[in-house]
Structures are given as C-alpha cells and as structure tokens.
Amino acid sequence: MIEYFGEFLGTMILILLGNGVVANVNLDKTHSHGGGWIVITFGWSMAVYVAVLVSADMSGAHLNPAVTLGLAFSGLFSWLKVAPFILFQILGAMTGAFLVYIFFKNHFSITETPRAKKACFCTAPAIRDFRNNFFSEVVGTFVLILAVLLITLPQLEYESLAGDKVGMGSLGALPVALVVFSIGLSLGGTTGYAINPARDLGPRIVHTLLPLKNKDDNDWKYAWIPVTGPVLGAAIAAAVYLFINLVCKNQV
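About the criteria used
Residues numbered from 1 in each chain as written. Predicted model: local features only at pLDDT ≥ 70, side-chain atom pairs only at ≥ 80, totals over all residues. Heavy atoms only, no water. Helix = DSSP H or I, 4+ residues; strand = E, 2+ residues; numbered from the N terminus. Rg over C-alpha atoms; globule rule 2.2 N^0.38 Å. Buried < 20%, exposed > 50% of the residue type's maximum accessible area, 1.4 Å probe, protein only. Contact = heavy atoms within 4.5 Å. Areas by Shrake-Rupley, 256 points an atom, 1.4 Å probe, with all protein chains shown as cover. Salt bridge = Lys/Arg side-chain N within 4 Å of Asp/Glu carboxyl O. Patch = residues over 30% accessible without salt bridge, like charges linked within 9 Å, V, L, I, M, F, W, Y side chains within 5 Å. pLDDT = per-residue confidence, 0-100. Axes fitted to C-alpha atoms, helices over the stretch in contact; angles between N-to-C directions. Parallel < 35°, antiparallel > 145°, perpendicular 65-115°, else oblique. Left-handed = near helix turned anticlockwise from the far one by under 90°. Nonpolar A, V, L, I, M, F, W, Y, C, P; charged D, E, K, R; others polar. Phe/Tyr/Trp six-rings, centres within 6.5 Å; stacked < 30°, edge-to-face > 60°.

### Quick word on the overall build of the protein
Right, on to step 1. Looking only at helices and strands, the protein features 10 helices and 0 strands.
Right, on to step 2. When the helices and strands of the protein are read in sequence order from the N terminus, they spell out α-α-α-α-α-α-α-α-α-α.
Right, on to step 3. Relative to the globule expectation of 18 Å for 252 residues, the C-alpha radius of gyration of the protein, 18 Å, shows essentially globular dimensions.
Right, on to step 4. Expressed as a percentage of the 252 residues in the protein, the buried residues total 52%.
Right, on to step 5. Within the protein, contacts between residues separated by at least 24 positions form 79% of all contacts whose residues are at least 6 apart in sequence.
Right, on to step 6. Element-wise, carbon and sulfur atoms account for 69% of the exposed surface of the protein, whose accessible area totals about 11000 Å².

Put into structure tokens, the structure is as follows:
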C-alpha cells in the first residue's frame, strides 16, 4: 500500500506546485502576476523535482500514467500494478488541484478572465487543431518517456531489465526535472505540454466541480487529447527503447 500512497502524495505535490506556479503567474494581484512562460516552465520542472524527491523511495515516483505505461510496455514494471498506480495518480492530481484552489481562493475570486483561471487546472491548445494538438502531446511525451527509460540505465546495462520497481525514483530527481524543463521550453507552446494524463484529467474534473465565478467551459471535447496522446507517446518510446536494448545486446 505504501507504493500507492507514494504515487498519491507525489502526484498531489506535483500538481500543487506545478499548477501553483500557473496560478501565481495567471491570477490577479499575486506578487508574480504576469511572470511569463519561463517562470511557468521552470516552476513545473521544480515541481517535478520536489515530487520525485518526496515519493521516490515509496513508489519509484512515476507520478504519470504515461511513465507507468511506458515502463510496463518495456517490461520494467508489473502490469498488475498499472491500474492502481494510475488510479492513485489521478486521485493525487485531483487533490493537488483542489489545494491550489484553496490556496489561491482570494485571487480566483478577483480574477475576471475565465481562461486564465482554467489554465490553473488543465491545458488548452494555443491553436485549436486536434490533429496537430494530438501530435504535440505524442511527441512531447515520447521525449519524456524515452529519456526516463534511458536514464534509468545510464550505462546501458540492459541485463537489469527484469527489475520490478523501476521508475523515476531510480534516476534521481534532477535529471527528470531538467528533461521536463527542456520539453516545456522547446515543445510546450502548442498545447501547454500536459505529457501526463493524470496531470490534465484530474484537475479538469476538479475545475468542472468547483463553483468558480466566470468559469470557462471545461472543454471536455478536447480532454481526450492530453490523455491519449501521452499514452501513444509512451508506447512509441517503449518500442524505441526495446529496439536500442536489442541492438546493444547484439553488439555485446
């Protein structure tokens, strides 16, 4: 049970700090209002750093269904644990989103722009083009998961692939945070780089339920993209990882 609690706690902290930096930048009369994209991308990468640091010893710090699935596709994680890990990640994301709302409640109440408030919960495309938006999430998540899989075994010692509890926790927190920072800076501008189904779905549910003034549309027509795009990106990354593994074994 400690593994599931680790995923819940880590994902909660991830969303509290990650969506927290968005709220700091977007909501009226915060000290960092208008801080811009660099503040958001750096804040999100540090959110990953802290969340991984907190949960690594408990669960391996997946904190993302795409990571859990990518590890399972690669044979690095038990399929029996996939569903409960994802459930607790979503519950943690919902709890983190609710804490952001409580923390910034006064600022939500005075902010008049519906889109600015919704951005504190879930992602939205800069240009609404579902095919391109889906592609953006696939590619961003592919980069994340491939990096996670390769950094897990930095010397390409593929003999250890049978290990059961392999995840972000085995990397150390900083490398993963830097990968997320790079993705946000280079690829995040099209969709807001969800690259994590729980990160978008859980807070979107919370946004739907909360009694916000001037609330924007929850945009459930778009919500499938930050869920399915990362799953496909994780599958492709796992396939590339297994190919690299096969080639390296054949060269030994």
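### Comments concerning the pattern of salt bridges
Right, on to step 1. Counted under the stated rule, the structure contains 4 salt bridges.
Right, on to step 2. Ionic pairing is found between Arg128 and Asp219, a salt bridge with its closest N-O pair at 2.7 Å. Of this pair, Arg128 sits in the loop between α6 (114–118) and α7 (130–152) while Asp219 sits in the loop between α9 (197–209) and α10 (225–251), and the two are 91 residues apart along the sequence.
Right, on to step 3. Here Arg204 makes a salt bridge to Asp200, at a shortest N to O gap of 2.8 Å.

### Here we look at unusual backbone geometry
Right, on to step 1. Although it is not a glycine, Leu63 adopts a positive phi angle of roughly 65°.
Right, on to step 2. Relative to the helices and strands, Leu63 resides in the loop between α2 (37–59) and α3 (65–73).
Right, on to step 3. Among the residues examined, Leu63 registers a relative accessible area of 3% and is labelled buried.
Right, on to step 4. For Ile195, which is not a glycine, the phi torsion comes out positive at approximately 40°.
Right, on to step 5. Turning to its location among the elements, Ile195 is positioned in the loop between α8 (173–187) and α9.
Right, on to step 6. Accessibility expressed as a relative area gives 6% for Ile195, which makes it buried.

### Considering a nonpolar patch on the surface
Right, on to step 1. On the surface, a cluster of nonpolar side chains totalling about 180 Å² of accessible area is made up of Leu17, Val50 and Val54.
Right, on to step 2. Summarising the element assignment, Val50 is placed in helix α2.

### Brief notes about the confidence of the model for the protein
Caution is warranted with low-pLDDT regions, since their predicted coordinates should not be read in detail.
Right, on to step 1. Averaged over every residue, the pLDDT of the protein is 91; residues scoring 70 or more account for 90%.
Right, on to step 2. Predicted confidence for residues 154–171 stays below pLDDT 50, and this span has 48 contacts to residues more than four positions away or in other chains.

### Quick look at the environment of Ile244
Right, on to step 1. Looking at the secondary structure, you find Ile244 in helix α10.
Right, on to step 2. For Ile244, a relative accessible area of 24% corresponds to the partly exposed category.
Right, on to step 3. C-alpha separation for the pair Ile244 and Leu178, spaced 66 residues apart in sequence, amounts to 23 Å.

### What about the packing of helix α4 (residues 82–103) against α9?
Right, on to step 1. At their nearest, the axes of α4 and α9 sit 8 Å apart, and the two run at 50° to each other. When the interaxial angle is binned, α4 and α9 end up oblique. Seen from above, α4 lies across α9 with right-handed handedness. Contact with α4, carried on its side by Gln89, Ile90, Ala93, Met94, Ala97 and Phe98, involves Ala198, Leu201, Gly202, Pro203, Ile205 and Val206 of α9 and no other residues of that element.
Right, on to step 2. By residue class, the composition of the contact of α4 with α9 is 10 nonpolar, 2 polar and no charged.

### Quick look at the packing of helix α1 (residues 2–26) against α2
Right, on to step 1. It is the contact of α1 with α2, at a shortest axis distance of 8 Å, that shows an interaxial angle of 165°. It follows from the interaxial angle that α1 and α2 lie roughly antiparallel. α1 and α2 meet at a crossing whose hand is right-handed.
Right, on to step 2. When grouped by side-chain class, the residues that make up the contact of α1 with α2 number 19 nonpolar, 7 polar and 2 charged.

### A closer look at the packing of aromatic side chains
Right, on to step 1. Summed over all chains, the structure comprises 13 aromatic pairs.
Right, on to step 2. Geometrically, the ring pair formed by Phe130 and Trp224 is edge-to-face, given 6.1 Å between the ring centres and 85° between the ring planes. With Phe130 in helix α7 and Trp224 in the loop between α9 and α10, this residue pair connects regions lying 94 residues apart in the sequence.
Right, on to step 3. Accessibility expressed as a relative area gives 40% for Trp224, which makes it partly exposed.
Right, on to step 4. Among the aromatic residues, ring-to-ring pairing joins Tyr4, Phe77, Phe85 and Phe88 into one connected group.

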